[in-house]
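Survey of secondary and tertiary structure
As a plain string of letters, each chain reads:
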Amino acid sequence: LVFGGTNKSGGFEGDLWRLRLDGGGDEGEAEAEASVSSEAEAEAEPSWARVDAEGDAPTGRMGHAAATDPDGRLWTFGGFCDGAFSNALHVFEAADGGKPGGRWRRIKARKPPAARHKHTLTATADGRLLVFGGNDWSVTRGFYEVDTTAVAGGGGARLSVAGGAAPSRGVVGTVARIGALYL
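Residues numbered from 1 in each chain as written. Predicted model: local features only at pLDDT ≥ 70, side-chain atom pairs only at ≥ 80, totals over all residues. Heavy atoms only, no water.

Pairing in this open sheet of 3 strands is antiparallel, and the strands run E1-E2-E3 from one edge to the other. Only two strands of the sheet have a single partner each, and these edge strands are strand E1 (2-6) and strand E3 (47-50). Neighbouring strand axes in the sheet, compared pairwise and without regard to direction, differ in orientation by 40° on average. Bridge count for strand E2 (residues 12-20) against E3 is 4 bridges, and the pairing is antiparallel. By the bridge assignment, Arg20 is partnered in E3 with Ser47. (Pairing = 2+ DSSP bridges. Helix = DSSP H or I, 4+ residues; strand = E, 2+ residues; numbered from the N terminus. Axes fitted to C-alpha atoms, helices over the stretch in contact; angles between N-to-C directions.)

Rendered as structure tokens:
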């Protein structure tokens, strides 16, 4: 899934797109395509499709971060939109049964991380989101955890890291792997 960003004119987009790597259409078309040979499927090219989503979608933005959790939900946090930095947290849940579409919800965190852009958002296997780095033109932001197991009101807290502070920085990549976060 791909959400938001800037277009070639410099405007902010707020749409959601899915890339089907197997070249197939929406799952609802699967039965009609059942007669296609496996040889043709192997040669199918990837295809993009815009995802129709209901609910409280994030506004168009850039510099935000997104991650999918173990339950397949897409989370977005922060970015620059509506002339300001954001600390909004949204989740997209796909429709049941593999149907196209889904629903966005804005999550009101009890203690959200500070507004920022150009940060990372990493999902862990145990349902946490880790927000790292980023800035608001003047301050490089720290390291926060957002608990996604309580979706209705996931809290946020700045994490203390043994052995010194996490190296604050913006425009960085992170990945969680077997109990560790790698920068």
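Turning our attention to the nonpolar core. Residues Trp75, Leu89, Leu121, Leu129 and Val131 are the most contacted members of the largest nonpolar core, which totals 13 residues. When contributions to this core are tallied by element, the ones reaching two or more residues are strand E5 (65-68), strand E6 (74-81), strand E7 (84-94), strand E9 (120-123), strand E10 (128-132) and strand E11 (143-147). Grouped together as the second largest cluster of nonpolar side chains are 6 residues, Phe3, Val51, Leu74 and Trp104 included. (Core = buried A, V, L, I, M, F, W, Y, C linked by side-chain atoms within 4.5 Å. Buried < 20%, exposed > 50% of the residue type's maximum accessible area, 1.4 Å probe, protein only.)

Backbone geometry places Asp82, a non-glycine residue, at a positive phi of 50°. By secondary structure assignment, the location of Asp82 is in the loop between E6 and E7. For Asp82, a relative accessible area of 65% translates into the label exposed. Notably, Lys118 is not glycine yet its phi reads approximately 60°, a positive angle. Residue placement: Lys118 occurs in the loop between strand E8 (102-107) and E9. A residue is classified by how much of its surface remains accessible, and Lys118, at 35% relative accessible area, is partly exposed.

Burial analysis of E6 places 8 of its 8 residues in the buried class, the great majority of the element. Two strands pair when backbone bridges link them, and E5 and E6 are joined in this way by 4 bridges, in the antiparallel orientation. By the bridge assignment, Ala65 is partnered in E6 with Phe77. What sits between the antiparallel neighbours E5 and E6 is a turn of 5 residues, in which Gly72 has the positive phi angle 85°. Alignment of E6 against E7, held across 7 bridges, turns out to be antiparallel. Along E7, the bridge assignment pairs Trp75 with Val91.

Along the chain, His117 falls in the loop between E8 and E9. Given a relative accessible area of 0%, His117 falls into the buried group.

Our focus in this paragraph is the sheet that holds E6. Two pairing modes exist for strands in a sheet, parallel and antiparallel, and in both the strands are linked by backbone hydrogen bonds. One open sheet holds the 5 strands; their spatial order is E4-E8-E7-E6-E5, and the pairing between them is mixed. With partners counted over all chains shown, the strands left at the sheet margins are strand E4 (53-55) and E5, one partner each. When the angles between neighbouring strand axes are averaged without regard to direction, this sheet yields 25°.

What follows deals with the pattern of salt bridges. When the charged atoms of two side chains lie near each other, side chains of opposite charge can form a pair. According to the stated counting rule, one finds 6 salt bridges in the structure shown. Taking the shortest distance from any N to any O, the salt bridge between Glu93 and Arg105 comes out at 2.9 Å. Pair noted here: Glu93 is in strand E7 and Arg105 is in strand E8, with a separation of 12 residues, a long-range link. Assessed through its relative accessible area of 28%, Glu93 is described here as partly exposed. (Salt bridge = Lys/Arg side-chain N within 4 Å of Asp/Glu carboxyl O.)

Any functional reading would require information beyond the geometric quantities listed.
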